[in-house]
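Below, each chain spelled out in residue letters.
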Amino acid sequence: MPNVPVQIYTTPTCPDCKAAKQFLSQQNIPYTEHDIAEHPKKAEELYQLTGKKIVATLVVSGKVFIGFVPNRQEIEKSLL
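What comes next is a walk through the structure. (Residues numbered from 1 in each chain as written. Predicted model: local features only at pLDDT ≥ 70, side-chain atom pairs only at ≥ 80, totals over all residues. Heavy atoms only, no water.)

**Some words on the pairing of strand S1 (residues 6-10)**
Put simply, the test is: Residue exposure (1.4 Å probe, protein chains only): buried if accessible area is under 20% of the type maximum, exposed if over 50%, otherwise partly exposed. The numbering of helices and of strands both runs from the N terminus, where a helix is a DSSP run of H or I of at least 4 residues and a strand a run of E of at least 2. Two strands are counted as paired when DSSP detects at least two bridges linking them. Handedness is read with the strands pointing away from the viewer; a crossover is right-handed when the path from the first strand over the helix to the second is clockwise.
With four of five residues buried, S1 is to be regarded as a mostly interior element. As defined by bridge partners, S1 adjoins strand S3 (residues 57-60) across four bridges and the pair is classed as antiparallel. Looking across to S3, one finds that Ile 8 is bridged to Leu 58. With four bridges connecting them, S1 and strand S2 (residues 32-35) associate as parallel partners. Pairing of Tyr 9 across the sheet is with His 34, part of S2. In this region the chain leaves S1, passes through helix H1 (residues 15-26) and returns to the parallel neighbour S2; the handedness of that crossover is right-handed.

**Here's the deal with the environment of Lys 53**
Tracing the sequence through the fold places Lys 53 in the loop between helix H2 (40-50) and S3. For the pair formed by Lys 53 and Tyr 9, sequence separation is 44 residues and the distance between their alpha carbons is 9.1 Å.

**Remarks on the packing of aromatic side chains**
Geometrically, a pair of aromatic rings is defined through the distance of the ring centres and the angle of the planes. Formally: Note on ring pairs: Phe, Tyr and Trp rings are taken, using the six-membered ring of Trp, and paired if centres are within 6.5 Å. Classes follow the plane angle, with under 30 degrees stacked, over 60 edge-to-face and the rest tilted.
Enumeration according to the criterion identifies one aromatic pair in this entry. Aromatic pair Phe 23 and Phe 68: ring centres 5.5 Å apart, planes at 40 degrees, arrangement tilted. With Phe 23 in helix H1 and Phe 68 in the loop between strand S4 (63-66) and helix H3 (72-79), this pair connects stretches of sequence that are 45 residues apart. According to the relative accessible area criterion, Phe 68 is buried, its value standing at 2%.

**A short note on the sheet that holds S3**
Our working rule: Under this scheme, a helix contributes an axis fitted over its contacting stretch, all axes are lines through C-alpha atoms, and angles between N-to-C directions fall in the 0 to 180 degree range. Throughout, a residue-residue contact means that at least one pair of heavy atoms, one from each residue, lies within 4.5 Å.
One open sheet holds the four strands; their spatial order is S2-S1-S3-S4, and the pairing between them is mixed. A strand with exactly one partner marks an edge of an open sheet, and here the two such strands are S2 and S4. Within the sheet, the average angular offset between the axes of one strand and its neighbour, ignoring direction, is 15 degrees. Pairing analysis gives four bridges linking S3 to S4, with the strands arranged antiparallel. Following the sheet pairing, Thr 57 is matched in S4 by Ile 66. Of the strands in this sheet, S1, S2, S3 and S4 touch H2, which is tilted by about 115 degrees from S1. Its contacts with the sheet put H3 on S1, S3 and S4, and the angle it makes with S4 is roughly 155 degrees.

Structure follows, in structure tokens:
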């Protein structure tokens, strides 16, 4: 898979976040993680981006996906 910029907004206790990070790691896709529990400014950034504070939120090449599991197929297509 090509090197596509991926950002993921997470919290430490989020199972969907863990699934997303595991998938990205297994596919050798680099990503930038933003822990909104640890960094309140990132939580505000997420809210400005989506109007929500829902994790896992992934941003793939500028396209926003709220939730990994329900959007997995579309995320995979965006990464191809």
